[in-house]
Amino acid sequence: MPMEKTFNAAEAEARLYKMWEEAGAFKAGANASRDETFCIMLPPPNVTGHLHVGHAFNHTLMDILTRWKRMQGFDTLWQPGLDHAGIATQLMVEKDLAATGQPKRVEMGREAFLKKVWDWKGDKGGVIEQQARRLGDSMDWSRSAFTMSGADSAPATEPAGNFHDAVIRVFVDMYNKGLIYRGKRLVNWDPHFETAISDLEVENIEVDGHMWHFKYPLAGGETYEYVEKDEDGNVTLRETRDYISIATTRPETMLGDGAVAVHKDDPRYAPIVGKLCEIPVGPKEHRRLIPIITDPYPDPTFGSGAVKITGAHDFNDYEVAKRGNIPMYALMDTRGQMRADGRPYAQEAAVAQAIANGTQDFDEAMIAAMNLVPDEYRGLDRFEARARVVADVTAEGLAVMVPAPASEPGPQPAAETEVPDQVRDAPEFIPLVEAKKIMQPFGDRSRVVIEPMLTDQWFVDTAKIVGPALDAVKQGRTKIIPESGEKVYYHWLENIEPWCISRQLWWGHQIPVWFAADGSQYCATTEAEAQAMAGPDTALTRDPDVLDTWFSSGLWPFGTLGWPADDPAMKYFPGDVLITGQDILFFWVARMMMMSQAVLEQDPFHTIYLHQLVRDAKGEKMSKTKGNVIDPLDMIDQYGADALRFSNAQMAAIGGVLKISEDRIKGYRNFGTKLWNAFSFAEHYAIPYPGDPARPEATLTLNKWIIGETGKLRETVDAALHAYRFNEAADALYAFTWGKVCDWYLEFSKPILQGEDAAAKLETEQTLRWVLDQCLILLHPIMPFITEELWGQADSRAKMLCHADWPVYGSELVDADADREMNWVIGLIDNTRSARAQVHVPAGAQVPLLVTGLDAKGQSAWDNNAALIQRLARIDSLTHVDAFPKGCVTIPMEGGTFGLPLAGLIDVAAEIARLEKTSQKLAKELGGLRGRLNNPAFVASAPDEVVEEARANLALRENEDTQIKAAIARLQELG
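Quick caveat, the model's predicted, so the values are computed rather than measured. (Residues numbered from 1 in each chain as written. Predicted model: local features only at pLDDT ≥ 70, side-chain atom pairs only at ≥ 80, totals over all residues. Heavy atoms only, no water.)

A. Expanded view of the overall build of the protein chain. The number of helices and strands found in the protein chain is 30 helices and 33 strands. Residues classed as buried in the protein chain amount to 53% of the 975 residues present. Counted over contacts in the protein chain with a minimum sequence separation of 6, partners at least 24 positions apart contribute 79%. For the protein chain, the exposed surface amounts to about 43,400 Å²; the carbon and sulfur share of it is 50%. (Helix = DSSP H or I, 4+ residues; strand = E, 2+ residues; numbered from the N terminus. Buried < 20%, exposed > 50% of the residue type's maximum accessible area, 1.4 Å probe, protein only. Contact = heavy atoms within 4.5 Å. Areas by Shrake-Rupley, 256 points an atom, 1.4 Å probe, with all protein chains shown as cover.)

B. Spotlight on the pattern of salt bridges. Summed over the entire model, instances satisfying the criterion amount to 59 salt bridges. For the salt bridge of Lys 674 with Asp 743, the shortest nitrogen-to-oxygen distance reads 3.3 Å. With Lys 674 in helix H21 (residues 662-684) and Asp 743 in helix H23 (residues 726-753), this residue pair connects regions lying 69 residues apart in the sequence. By relative accessible area, which is 33% here, Asp 743 ends up partly exposed. One network of salt bridges, with partners in common, ties together Glu 278, Lys 284, Arg 287 and Glu 396. (Salt bridge = Lys/Arg side-chain N within 4 Å of Asp/Glu carboxyl O.)

C. Structural context of the pairing of strand E27 (residues 607-611). Counted residue by residue, E27 has 5 buried out of 5 residues, so it is predominantly covered. In E27, alternate side chains face the same way, and those of Thr 607, Tyr 609 and His 611 on one face and Ile 608 and Leu 610 on the other are all buried. Both strand E19 (residues 479-481) and E27 contribute to a ladder of 3 bridges, which runs parallel. Considered in E27, the bridge of Lys 479 is made with Thr 607. (Pairing = 2+ DSSP bridges.)

D. Representation of the nonpolar core in the model. Formed by 166 residues in total, the largest nonpolar core has its most connected members in Phe 726, Phe 748, Trp 824 and Phe 898. With 13 residues, the single largest contributor to this core is H23. Contacts of Phe 726, omitting those with residues within four sequence positions, involve Leu 61, Ile 64, Leu 65, Ile 579, Tyr 609, Ala 649, Ala 652 and Leu 721. Core analysis: the second largest hydrophobic core is formed by 61 residues, Val 167, Ala 469, Cys 523 and Met 595 among them. (Core = buried A, V, L, I, M, F, W, Y, C linked by side-chain atoms within 4.5 Å.)

E. View of the sheet that holds strand E5 (residues 180-190). Spatial strand order, E6-E5-E18-E20: 4 strands in an open sheet with antiparallel pairing. Since the sheet does not close on itself, it has two edges, and those belong to strand E6 (195-197) and strand E20 (499-500), each with one partner. Bridge count for strand E18 (residues 451-460) against E20 is 2 bridges, and the pairing is antiparallel. Paired with Phe 459 across the strands is Cys 500, a residue of E20.

F. How the structure looks around helix H22 (residues 701-722). The end-to-end C-alpha separation of H22 is 32 Å, in line with the 32 Å expected for 22 residues at 1.5 Å each. The first or second residue beyond H22 is Tyr 724, which carries a positive phi of 60°. (Expected span 1.5 Å × (residues − 1).)

G. Just the sheet that holds strand E24 (residues 541-542), in detail. Taken together, the 3 strands give an open sheet; going across it, the order is E23-E22-E24, and neighbouring strands pair in antiparallel fashion. Unpaired on one side and paired on the other, strand E23 (521-523) and E24 mark the two borders of the sheet. Relative to E24, strand E22 (residues 513-515) runs antiparallel, the two being bridged by 2 bridges. Considered in E24, the bridge of Trp 514 is made with Arg 542.

H. Quick look at the packing of aromatic side chains. Per the stated rule, a full pass over the model turns up 38 aromatic pairs. Here Tyr 17 and Trp 20 contribute two aromatic rings whose centre-to-centre distance is 5.9 Å and whose plane-to-plane angle is 75°, an arrangement assigned as edge-to-face. Pair noted here: Tyr 17 and Trp 20 are both in helix H1 (residues 9-22), with a separation of 3 residues, about one helical turn. With respect to burial, Tyr 17 and Trp 20 carry one shared label: buried. (Phe/Tyr/Trp six-rings, centres within 6.5 Å; stacked < 30°, edge-to-face > 60°.)

I. The arrangement of the pairing of strand E31 (residues 875-880) in detail. Examined bridge by bridge, strand E30 (residues 847-852) and E31 share 5 bridges and lie parallel to one another. What sits directly across from Leu 850, in E31, is Thr 879. In terms of handedness, the path from E30 via helix H27 (residues 856-873) over to E31 forms a crossover that is right-handed. (Right-handed = clockwise from strand over helix to strand, strands pointing away.)

J. Fine view of the side chain of Lys 121. Relative to the helices and strands, Lys 121 resides in helix H5 (residues 110-124). A distance of 2.3 Å separates a polar atom in the side chain of Lys 121 from a polar atom in the side chain of Glu 158. Among residues more than four places away in sequence, those in contact with Lys 121 are Val 47, Phe 146 and Glu 158. (Polar contact = N/O pair within 3.5 Å; in protein donor to acceptor, adjacent residues only side chain to side chain.)

K. Main features of the packing of helix H2 (residues 53-71) against helix H20 (residues 641-650). Two numbers describe how H2 lies on H20: the axes approach to 9 Å, and their chain directions differ by 90°. One element, H2, and the other, H20, form an angle in the roughly perpendicular class. Here Ala 56, Phe 57, Thr 60, Leu 61, Asp 63, Ile 64 and Arg 67 of H2 lie close against H20, whose contacting residues are Leu 644, Arg 645, Asn 648 and Ala 649. Of the residues belonging to the contact of H2 with H20, the class tally is 6 nonpolar, 2 polar and 3 charged. (Axes fitted to C-alpha atoms, helices over the stretch in contact; angles between N-to-C directions. Parallel < 35°, antiparallel > 145°, perpendicular 65-115°, else oblique. Nonpolar A, V, L, I, M, F, W, Y, C, P; charged D, E, K, R; others polar.)

L. Representation of the packing of H22 against helix H24 (residues 758-779). Between H22 and H24, the least distance of the axes is 10 Å, while the angle of their chain directions is 15°. Taken as axis vectors, H22 and H24 run roughly parallel relative to one another. Handedness of the crossing formed by H22 with H24: left-handed. Of the residues in H24, those touching H22 at Asn 703, Ile 706, Ile 707, Thr 710, Leu 713 and Arg 714 are Glu 763, Thr 764, Thr 767, Trp 770, Val 771, Gln 774 and Leu 778. (Left-handed = near helix turned anticlockwise from the far one by under 90°.)

M. Spatial organisation of the side chain of Gln 457. Topologically, Gln 457 is positioned in strand E18. A polar contact is formed between the side chain of Gln 457 and the side chain of Ser 502, at a distance of 2.5 Å. At a separation of 2.9 Å, a polar atom in the side chain of Gln 457 contacts the side chain of Gln 504. Ignoring sequence-local partners within four residues, the contact set of Gln 457 consists of Tyr 181, Arg 182, Gly 183, Val 187, Trp 189, Ala 196, Cys 500, Ser 502, Gln 504 and Asp 545.

N. How the structure looks around the state of the cysteines. Tallied over the entire structure, the rule returns 0 disulfides. Its sulfur unpaired, Cys 742 is 6.8 Å from the next cysteine sulfur, which belongs to Cys 775. Classification of Cys 742 as buried rests on a relative accessible area of 11%. (Disulfide = S-S within 2.5 Å.)

O. The arrangement of H2 in detail. Taking 1.5 Å of rise per residue, the 19 residues of H2 would be expected to cover 27 Å, and the 27 Å separating its terminal C-alpha atoms lies within 8% of that figure. Of all 19 residues in H2, 19 are buried, a share of seventy percent or more. Of the residues flanking the end of H2, it is Gly 73, one or two places downstream, whose phi is positive at about 95°.

P. Representation of the confidence of the model for the protein chain. Scored by pLDDT, the protein chain has a mean of 92; 97% of the residues are at 70 or more. Here residues 409-426 scores under 50 on pLDDT; set against residues more than four positions off or in separate chains, the count is 5 contacts. (pLDDT = per-residue confidence, 0-100.)

Q. Quick look at the environment of Arg 957. On the secondary structure map, Arg 957 appears in helix H30 (residues 944-973). As for Arg 957 and Gly 467, which are separated by 490 residues in sequence, their C-alpha atoms are 51 Å apart. Those residues in contact with Arg 957, other than ones at most four positions away along the chain, are Leu 922, Glu 925, Leu 926 and Leu 929. A polar contact of 3.0 Å, which involves the side chain of Arg 957, links it to the side chain of Glu 925.

R. Layout of the environment of Met 366. Along the polypeptide, Met 366 turns up in helix H10 (residues 364-369). By relative accessible area, which is 24% here, Met 366 ends up partly exposed. Taking the C-alpha atoms as reference points, Met 366 and Tyr 329, 37 residues apart in sequence, are found 9.9 Å from one another. Look past the residues within four positions of Met 366 in its chain and what remains in contact with it is Val 351, Ile 355, Gln 360 and Asp 361.

The following block contains the structure:
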């Protein structure tokens, strides 16, 4: 059946993928011919997820490695699966309930709500797995894992799995070993979802904010001499103060202040350290006094140098409060409203004052129960409370005042009022409120402002399990690519904090701890076990919280393989390489390293390949606002999956900036068309295509050369993939397929295929078929669809291309003489074409060529290929000369120098004018580039990749400038 004119990706991709899947081509162990395993774990996307450019990029790299190893005969598993994504999924389901008019989550209760979540997951979840098929991902879908599989709430229709069992077992084991504990710490709190969230789920956004400056009066009206000095020690301000000034962006948190801190070396406040000052808000008769303390945290050069310490509502303050044993008063409830519980403010303030005076002992539970929100603020939203606090402090005259700007003169007297000049000229004063940009934390799902909150949570004592994860990288057992990732890895693990693993959600793994009325804890895998531990007469209540999704996904490398059961799939653990974004190195990757060691005392993989964020063609982050988002599914619709995959592979330079563009993807679609046309060429010449053609024993120089080039290519591709240099593999395949095969070999073979020498024709036909087959095999990991389609054009095949044997030949196929001769011929043609183009010799003109000093090997190469060279370079004659005439473009070659005489070929004056105009334009570009690179500020502040790009651009332009000036000089010789 004749080939179609072009490859119909839209039709073929779905058909080919169905063929692969129905044949079980991607199942674990498929095509295995050796005992060695290769396992790669898919970073589990959210069950709510959709394929974006980041997924498309790292999926491509994972699939390249998987297909390569499978073709090499490894016992291969690419493990797919989905993360239950606690917050994201709960949000989606709650939105769905609201949109369909159903009761809210709290109205229907936990059990009914979880049934709704499972229904939603079965109906709408996992879309991304179908989208991944469109990309060509060769995962073992029959093993697709889910981090909630096996949960008690899972319906019978849910595929079997025991991931939930693994999570619960690990929690209980770590609890019993003292690695998990419950405690009160400051966490990121999402008031919308009413849960703690991880740092990864917090998005810090620069917003317009304010810094309010307030006076905290000293107790008893005490005063001190406040002195400011410049850098030379000269006094710039001296005044008597009865207050200490602080600045805050969150005035509502003043209600929970436990102290004011200054630096121990700040002389301005030395007279008042250890004294008490008054929080300037709340009922006057119950106004709280707090101590002025010293701590390394305050920066004497920033603001007033004094900071309020509200340990329950600020991460830096929390550390200061821990160091100084300062009580941490929680002000807000789970919804971000000012607390309305507890005793009246007067009673609470009296106890707090006794604590500040040092006459009352306190403990964590006592402080947690206290509500220091004044009665009039209780129940207010936090931002409403902020406005009230600011207004009340200002009204009392305790805002720091400054002269009003001329444009804001303040209240003006009526025109008829007589005002003395000295009063009229006196400045008005206004409260000091700085309008400034601040970094505001928002929940990435809820989009509400995150509140640091002191709450009871479950924690992993990471300090006890971090050692083996650090040693794995330091001792070289696990390698991080690029190496710059090691610094980030070490920094985080060497300064690790306890890991908060509890979430106040319903969707997730419910914490397996039951409480008795007296607070006793019973951790067990089942309620029956917990009851047995507590005794039959003890009533138990299960902790309602669920585990952080990062805890369950930390078990991904072995939880997906059937652990803790004795599952044969555990032979794939440890895995080989993890490919993921650098942004989750410490959120997920480091956690897997710690958890695998803590549970199985093994590293989960030997290599961690980290990539950057995929950006647009200009290197800018994609956003809907900018309108520069590239949807990978749209690109597949337009250009086919192979084009997108090749573009991804080609930009995957280790540590490089990932710039993707539609034009580049379109260009690689054209590359696929070039490959398709090569097979059409073979069909045009009616070259037989038996299944799995063997490599012929070539006698012709041309065929020896292309076979040798194929051998070199295989070695290059394998070396590049082994080193995770996907771009080098892609570049080599592109250059060989388009350049060596489609441009040169097909063109050089035409005279033989059209000739009368039957033996030469047969050998060339066999060589062409073998070479094209090797193109398909070596390209398949990157471009699976078009290569599988072309593979099927043969009369018969032993197996599908995805299971074809990866070649092991190499440079032993190179015939040195043939290699030297054909590359010499190609070089001469290429250089001659370039010389013609440089000075605008008409494309169709047949030109004479001169040569001087040609040695025997050069002459032999010319004699053997003269017809080809003359036809492809459009040369009508070759003349040996002792010296070249003026105005001759020289073409240096090994063994001799060729010359292209320009006299009579071109309009010399017009060409000089054109080149000079180009040179002038280039000079402006060079001036701009040199100016940027000679500017220390640019080099110091611009991202490294931007500076390197500018330097590379300068080098290219300088080389171009040199060539243009040389061309002008040659033409000027002709007068």
